[in-house]
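Observations on the three-dimensional arrangement
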Amino acid sequence: MSFKRQDVKPCGACGEPLGHAGPIFHRVKVERLIFNVAAIREQAGLEMMLGSPLLASVMGPDRDLATELQTDEALVCQTCYLSHTLGELVDILNQHQEAEA
Ligand SMILES: [Zn+2]
């Protein structure tokens, strides 16, 4: 991991400089995924037919069982990291991103 001068941004939650609460800050990344029900059914059916999950994974199309919907990533100061749950941080980051758009 590298972190250069151009990577420094204000806290994604409170907008203060990242180091205002101390030298430790956090990079928070949350990926939202959705199951691909058709692929899961296909995989489960193949496993039942062949009687082995391992054999089905080798013999089948090995499709992705989930698809990424959205990724949220931001730098967060120590104070915000410690004072919010992960769900609250994601909501705050989404509100800031919507306000910027
Ligand atoms: Zn903050």
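Residues numbered from 1 in each chain as written. Predicted model: local features only at pLDDT ≥ 70, side-chain atom pairs only at ≥ 80, totals over all residues.

**Topic: the confidence of the model for the chain**
Averaged over all residues, the pLDDT of the chain is 91; the fraction at 70 or higher stands at 100%. Averaged pLDDT values over the elements of the chain bottom out at 84 in helix α4 (residues 86-100) and peak at 96 in helix α3 (residues 78-83). (pLDDT = per-residue confidence, 0-100. Helix = DSSP H or I, 4+ residues; strand = E, 2+ residues; numbered from the N terminus.)

**Description of the nonpolar core**
Grouped together as the largest cluster of nonpolar side chains are 9 residues: Cys11, Ala13, Leu18, Phe25, Ala74, Val76, Cys77, Cys80 and Leu89. Look past the residues within four positions of cysteine 77 in its chain and what remains in contact with it is Cys11, Cys14, Glu16, Leu18, His20, Ala21 and Phe25. (Core = buried A, V, L, I, M, F, W, Y, C linked by C-beta atoms within 7 Å. Buried ≥ 20, exposed ≤ 12 C-beta atoms within 10 Å, placed from the backbone. Contact = placed C-beta atoms within 7 Å.)

**Considering the pairing of strand β1 (residues 25-35)**
Side-chain direction in a regular strand flips from residue to residue, so the side chains alternate between the two faces of the sheet. The element β1 is largely exposed, with a buried count of 1 among its 11 residues. Here β1 runs beside strand β2 (residues 66-77); their pairing, made up of 11 bridges, is antiparallel. Residue pairing in the sheet places lysine 29 in a bridge with glutamate 73 of β2. (Pairing = 2+ DSSP bridges.)

**Considering the environment of proline 53**
With respect to the helices and strands, the residue proline 53 is situated in helix α2 (residues 53-59). Residue proline 53 is classed as partly exposed on the basis of its 14 C-beta neighbours within 10 Å. For proline 53 and glutamine 43, which are 10 residues apart along the polypeptide, the C-alpha to C-alpha distance reads 8.4 Å.

**Let's talk about helix α1 (residues 37-50)**
If you check α1, its first and last C-alpha atoms are 20 Å apart, about what 14 residues at 1.5 Å a residue would give, namely 20 Å. Of all the 14 residues making up α1, 0 are buried; the element is thus mostly uncovered. One or two residues past the end of α1 sits glycine 51, with phi positive at roughly 75 degrees. (Expected span 1.5 Å × (residues − 1).)

**Focus: α4**
Across its 15 residues, α4 extends 21 Å between first and last C-alpha, which sits within 8% of the 21 Å expected from 1.5 Å per residue. The buried fraction of α4 amounts to 1 of the 15 residues, a small share that puts the element mostly on the outside.

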